[in-house]
Every structure is written in structure tokens, then in C-alpha cells.
Amino acid sequence: MIEMVDVKKTYPNGVIALNGVSIKIEPGEFVYLVGQSGAGKSTFIKLIFREEVATSGEIRVNGKDLVKMKWREVPMLRREIGVVYQDFKLLPKLTVYENVAFALEVVEESPRQIRSRVMDVLEQVGLKNKARFIPDELSGGEQQRVAIARAIANYPKLLIADEPTGNLDPETSWEIMRILEEINASGTTIIMATHSKEIVNTIRRRVIAVEDGLIVRDQYRGDYGYEA
Ligand SMILES: Nc1ncnc2c1ncn2[C@@H]1O[C@H](COP(=O)(O)OP(=O)(O)OP(=O)(O)O)[C@@H](O)[C@H]1O
Ligand SMILES: [Mg+2]
């Protein structure tokens, strides 16, 4: 599903964010990315959906070679990947329904398919009753659930979450984790960057630890391994 071979990423200002990363992630896995601030977690994530391009090395995602990929092929890659951010990134003037529908309209579904799929994913995240609300009228946890609904609307094989609980209180974070676990149980691969020692040590999954642009640990059912 994801394979990286000796991947390096140097930003234009000269910062080496990844310094030779090799990893394989299989379909259906749930992977935590942990490590200190600045370690390279977000960079790793951005390379997977080609928000950033590797400086050297090989990256394959869903059978596609991201090094050889042309810019016009990038939208096809991104259709197969859902992305969730710490700060939700919802469109503030659109309703919950419209925020999710937007993700489907860009892939040219029929209006009827869109309506039924939007209501299905909103039900999955427990927000069917708030379809007409706008993001400002929702709690942080609810906004993140909308972002997750949007991310999964197009049946992605892979869901990437960069600190999805970073702005949420502990109780709300557990709700988000329960939803992510359900999505993973239905077969979607999940990669989640996190600073939450509690979550990583409670819901035991594969842990990939990054330090100074290198993978320093890769452990099934691993623990957080840092002092929070
Ligand atoms: N667009 C950019 N231009 C230049 N340097 C960058 C850019 N994005 C990240 N960096 C640098 O690359 C390194 C890795 O950053 P990255 O965002 O991947 O870390 P991170 O592990 O996600 O950190 P955090 O836990 O704080 O989110 C850092 O030194 C950072 O300053
Ligand atoms: Mg980051």
C-alpha cells in the first residue's frame, strides 16, 4: 500500500526534514507516527499524498510511483486518500452537509448518489442531525467528526490524520479515536501522527517513531516511548 525506499526531503530553505526513510505499510494497518516536534512526521504525511515532493528516494502509494507521477495525475492519487488535520479545515460558510458533499461533487457523482452518501457518512460519525449547521455552530469534536466524514466520503483506501486530536479535550479525543477505529475495522488503512501518549499507550497499534528525519523505532503494538 505504501512503500518508501531511502526517502529524503530537503525544504528549499535547506532544512533536512527526512533523511533516508524506508518503510512498508500494508493495507488495513493502523499506524501511529510519533516523535518530537520537528521530527518530520507531517513531512512524511505530506509526501504520501504529494503535498510535498521527495528530494530523492522512491515512494509508492496504492501501486502508484510518486516520483514518476506527473502533476496532472496527482488528483487521481488524492481521490484514494482521505486527509484529516488538527485544525479541521472546514469551509466556514458551508453547512456540514455542504462541506461533505463538496468532496463528492469534485469527483462528479450524481446528485442522488451524493445525497445518500453524505447522509450515510454523517450517520457514521453521529452528526446526521446537524447537517444544516455551519462549522461555527459546532464544538471542536463535532467539527473534527465532519472533517472525518468528508475524508471518508469518497471511500478512500487510506486515511491520513495529522494530530487529529491535537485541539481536542481528552474525552472528545476518545470519541474521535473510536470513530477512527471503526473506519479501520472496515478495512481502511490509517496513518495518524500524534503527540498523545495516552492514546498510543491505550489503543495499541503499530508505532513508527521519527527523530531528526529518521525512523528510529517501528514496533507492532508499540508504546509511545517518550515522556509527554
Ligand atoms: N515548508 C517548510 N519549509 C521549510 N522547512 C519546513 C517546512 N515544513 C517543515 N519544515 C521543517 O522540517 C522539519 C520537520 O517538520 P515537520 O512539520 O515534518 O515536523 P513534525 O514532526 O510534524 O512536527 P510537529 O510535531 O511540531 O508537527 C522541521 O525542522 C520544520 O521546521
Ligand atoms: Mg506536524
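In this report, the structure presented in the accompanying data block is examined. As a convention, each chain's residues are numbered from 1 in the sequence order in which they are written. Each chain is given a letter, starting from A, and each ligand a number, starting from 1, according to the order in which they appear as written. Residues qualify for local features only when their pLDDT is at least 70, as the model is predicted, and side-chain atom pairs are given and counted only at 80 or more; totals for whole chains, interfaces and linings, by contrast, use all residues. Calculation of side-chain values draws on the structure's entire complement of heavy atoms; hydrogens and water are dropped beforehand.

Next up on the list: the site of ligand 1. Near, as used in this document, describes a residue that has one of its heavy atoms within 4 Å of the molecule or strand being considered. Neighbouring ligand 1 are 14 residues; S37, G38, K41, T43 and H195 lie closest to it. Definition of a polar contact: a pair of N or O atoms within 3.5 Å, with one able to donate and the other able to accept a hydrogen when the atoms are protein atoms, and with sequence-neighbouring residues admitted only if both atoms are side-chain atoms. A distance of 2.7 Å separates an oxygen atom of ligand 1 from a polar atom in the side chain of K41. Contact distances for ligand 1 include 3.3 Å between an oxygen atom and a side-chain N or O atom of E163. Residue-level accessible areas treat just the shown protein chains as cover; the underlying method is Shrake-Rupley with a 1.4 Å probe. Relative to its unbound accessible area of 640 Å², ligand 1 is 66% covered by the protein chains. Tallying contributions element by element places helix α1 (residues 41–48) first for the shell around ligand 1, with 3 residues. We call Asp, Glu, Lys and Arg charged. Ala, Val, Leu, Ile, Met, Phe, Trp, Tyr, Cys and Pro are nonpolar, and the rest, Gly among them, are polar. Considering only residue class, the shell around ligand 1 consists of 4 nonpolar, 8 polar and 2 charged. By definition, any uninterrupted DSSP run of H or I lasting at least four residues is a helix, any uninterrupted run of E lasting at least two residues is a strand, and each is numbered from the N terminus.

Backbone geometry at R50 places phi at a positive 60°, although glycine is not the residue there. Summarising the element assignment, R50 is placed in the loop between α1 and β4 (56–61). Classification of R50 by relative accessible area gives buried; the value is 5%. Even without being glycine, N62 reaches a positive phi, approximately 50°. Looking at the secondary structure, you find N62 in the loop between β4 and β5 (64–65). Accessibility here uses a 1.4 Å probe with only protein chains present; expressed as a share of the type maximum, an area under 20% marks a residue as buried, one over 50% as exposed, and anything in between as partly exposed.

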